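# Coordinates in review
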Amino acid sequence: MMNIYKIRAHHGMCLAFFEGKGYSNGFVKHMAEIKGVLDKNPMVRLLERMDEICSACPHNKEKYCESEEKVLRYDSQVLHLCGLEAGREMEWKQFERLVEENIIGAGRRKEICGDCEWSNICHRNS
């Protein structure tokens, strides 16, 4: 049976800008590992709840995010702008492309997650 990775929708944006910074050393190491797996283009199931990346986050309090209301808003907006629904399964690269075309490339990232504490690293050098 094929492994399907569960990924919060807004993590499509986080991973696009990931540069080895994060909440803790353990989180950064885990995020880099997940990014390496996703770069191989597995199937993913898009979620509006805790995912594999969240498992190493210090804001994960017994499977509940301390910032749940905020990140749920991020997830919902990413899914909406990409024309997707929670639970959708697709190849990672297809989702990555939808995020790039509909959000990042369209200049809409800040309206979704501009209030994130990591927002200052989410930019591209042209």
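These notes cover the structure that comes with them. The model shown is predicted, which means the values in this text are computed figures rather than measured ones.

## A short note on the nonpolar core
- Ranked by size, the top nonpolar core spans 37 residues in total, and within it Val 78, Leu 84, Phe 95 and Ile 112 carry the most contacts.
- Within the residue set of this core, elements represented by two or more residues are helix H1 (11-17), helix H2 (25-38), strand E2 (43-47), helix H3 (68-81), helix H4 (92-104) and helix H5 (109-113).
- In terms of residues, this core owes the most to one element, H4, which gives six residues.
- Once you skip the residues sitting within four places of it in the chain, Leu 84 turns out to touch Leu 46, Leu 79, Met 90, Phe 95 and Leu 98.

## Let's talk about the environment of Pro 58
- Position of Pro 58 among the secondary structure elements: in the loop between E2 and H3.
- Among the residues examined, Pro 58 registers a relative accessible area of 37% and is labelled partly exposed.
- C-alpha separation for the pair Pro 58 and Met 43, spaced 15 residues apart in sequence, amounts to 26 Å.
- Excluding residues that lie within four positions of it along the chain, Pro 58 makes contacts with Tyr 23 and Ser 24.

## Observations concerning the sheet that holds strand E1 (residues 4-8)
- One open sheet accounts for three strands, arranged E1-E2-E3; its pairing is mixed. If you trace the sheet from one side to the other, it starts and ends with E1 and strand E3 (89-91), each paired once. Each neighbouring strand pair of the sheet contributes to a mean axis angle of 40 degrees, computed without reference to strand direction.
- Packing of H3 onto the sheet brings it into contact with E1 and E2, and relative to E1 it is tilted by some 110 degrees.

## Here we look at the pattern of salt bridges
- The tally for this structure, following the rule as stated, stands at nine salt bridges.
- With its nearest N and O atoms 2.6 Å apart, the salt bridge here joins Asp 75 to Arg 8. Within this pair, whereas Asp 75 is found in helix H3, its partner Arg 8 is found in strand E1, the two being separated by 67 residues in sequence. Of the two residues, Asp 75 and Arg 8, neither departs from the other in class, the shared state being buried.
- Its salt-bridge partner being Glu 96, residue Lys 93 comes within 3.8 Å of it at the nearest N-O pair.

Calculation rules
- Residues numbered from 1 in each chain as written.
- Predicted model: local features only at pLDDT ≥ 70, side-chain atom pairs only at ≥ 80, totals over all residues.
- Heavy atoms only, no water.
- Core = buried A, V, L, I, M, F, W, Y, C linked by side-chain atoms within 4.5 Å.
- Buried < 20%, exposed > 50% of the residue type's maximum accessible area, 1.4 Å probe, protein only.
- Helix = DSSP H or I, 4+ residues; strand = E, 2+ residues; numbered from the N terminus.
- Contact = heavy atoms within 4.5 Å.
- Pairing = 2+ DSSP bridges.
- Axes fitted to C-alpha atoms, helices over the stretch in contact; angles between N-to-C directions.
- Salt bridge = Lys/Arg side-chain N within 4 Å of Asp/Glu carboxyl O.

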